[in-house]
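Results of the structural survey
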2 protein chains.
Amino acid sequence: MVKRKWKEIFHNFDKRPTPSRCAILEVFEEEKSHLSAEEVHERLKQKRKKVGIATVYRNLDLLSRMGILRRVNFGDGREHYELVQTSETHHHHLVCVNCGKAIDYSELMDEEREFLNRLEKELEKKHGFQIQSHQVYFYGLCEKCQ
Amino acid sequence: MVKRKWKEIFHNFDKRPTPSRCAILEVFEEEKSHLSAEEVHERLKQKRKKVGIATVYRNLDLLSRMGILRRVNFGDGREHYELVQTSETHHHHLVCVNCGKAIDYSELMDEEREFLNRLEKELEKKHGFQIQSHQVYFYGLCEKCQ
DNA sequence: TTGAATGCAAATAATTTGCACGGAT
DNA sequence: ATCCGTGCAAATTATTTGCATTCAA
């Protein structure tokens, strides 16, 4: 069940929704969370899909460039990826500085969205940047580690 | 001119303000910007200070754990570091998705600070996290790449 | 049949580690 | 004398690349 929307995006990019690519997307749908390349590869193995690690890397990159996935970064020395949910205007991360656990936070306050939009406009004017997206990270101690 | 405050911190951590450590801090004072380990190493060479790359890595890590430096991350596959001082209250980054150029934005709007503090409180309550700091990244096209 | 996609192994790049030495306390 | 900090080189980890093969339009 690879979504029609995705098929369309593949078509727009002149890329094919190959078995490996679909399998990778399935993994993300099932996990509903951020994963590293190695983790994706692991999940695929568990599902008896044989996809080489190089292909995983190549496709995570492709899917990010196509805007289906988004790269996120928790400072643990490897890239993580997550599904871009179109419904979600933004996306925050809470990272535990002790155990490294990272949880996603995507509830949305109107006020918050409005504020960040305003801030983006301001920055565009001030720095000549054309801003496309943003990410917010909060660092601290999770419940267990306090 | 390694600041008294830093000496104190070294002392609190039972660590010594060695020549390499001071030289590294000097580099950051002069640059007033984020640097990768390799860049720090390069600057040290230019200043005729001979510090091995392993020592640079070890000390960037140490200085981060001591709270003098902060790790920042631009998704280019390597860690960057910056002085915590320069960005006390908060610190934003504008990253060009085309050329990778990353500029720092540390001007501060009262409104902005207040807003993020409020948001932190909210998240602490909702997720049981004890938040210590945050980082905000904006992604888009810089002036040249538009 | 032709270019796109993949697997595998080798190559790179960034960072970490083991170990012996030198210097400060 | 002891232990911290360091340099060097080797090891590890994450990611990328070259190339021959396979696959799909």
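Everything in this summary refers to the structure shown in the same document. (Residues numbered from 1 in each chain as written. Chains lettered and ligands numbered in written order. Predicted model: local features only at pLDDT ≥ 70, side-chain atom pairs only at ≥ 80, totals over all residues. Heavy atoms only, no water.)

Examining the sheet that holds strand E6 (residues 130–141) of chain A
To keep things clear, this is the line we draw: When DSSP finds at least two bridges between two strands, those strands are taken to pair. Counting from the N terminus, the helices are the DSSP runs of H or I reaching at least four residues and the strands are the DSSP runs of E reaching at least two. Where helices are involved, their axes are fitted lines through C-alpha atoms of the stretch in contact, as for all axes, and angles between N-to-C directions lie from 0 to 180°.
Pairing is mixed across the open sheet formed by six strands, whose spatial order is E5(A)-E4(A)-E6(A)-E6(B)-E4(B)-E5(B). The sheet is open, and its two edges are formed by strand E5 (102–105) of chain A together with strand E5 (102–105) of chain B, each paired on a single side. In this sheet, neighbouring strand axes are inclined to one another by 25° on average, regardless of whether the strands run parallel or antiparallel. Judged from the five bridges that link them, strand E4 (residues 92–96) of chain B and strand E6 (residues 130–141) of chain B form a sheet pairing that is parallel. Each bridged residue has a counterpart across the sheet, and for His93 of chain B the counterpart in E6 of chain B is Tyr137 of chain B.

A look at the nonpolar core
Stated precisely, the cut-off is as follows: Think of a nonpolar core as a cluster: buried Ala, Val, Leu, Ile, Met, Phe, Trp, Tyr and Cys residues, connected wherever their side-chain atoms sit within 4.5 Å. Throughout this description, buried means an accessible area under 20% of the type-specific maximum (1.4 Å probe, protein chains only), exposed means over 50%, and partly exposed covers the range between. Only heavy atoms enter the contact rule, under which two residues are in contact if any of them lie within 4.5 Å.
Membership of the largest hydrophobic core comes to 28 residues, with the highest contact counts inside it found for Phe138 of chain A together with Phe138 of chain B. Of all elements in the fold, only strand E4 (92–96), E5, helix H5 (110–127) and E6 of chain A together with E4, E5, helix H5 (110–127) and E6 of chain B reach the threshold of two or more residues within this core. The contact partners of Phe138 of chain B, leaving out residues within four places of it in the chain, are Leu116, Leu119, Glu120, Leu123, Ile131, Ser133 and His134 of chain A together with His92, His93, Leu94 and Val95 of chain B.

Focus on the sheet that holds strand E2 (residues 69–73) of chain A
All names here are of chain A. Sheet architecture is open: three strands sit in the order E1-E3-E2, paired in antiparallel fashion. The open sheet terminates on both sides in strands that have one partner only, identified here as strand E1 (35–36) and E2. Across five bridges, the pairing between E2 and strand E3 (residues 79–83) is antiparallel. Each residue of the ladder has a partner; that of Leu69, found in E3, is Leu83. Along the sheet face, helix H2 (residues 19–31) touches E1, E2 and E3 and points at about 80° away from the line of E3.

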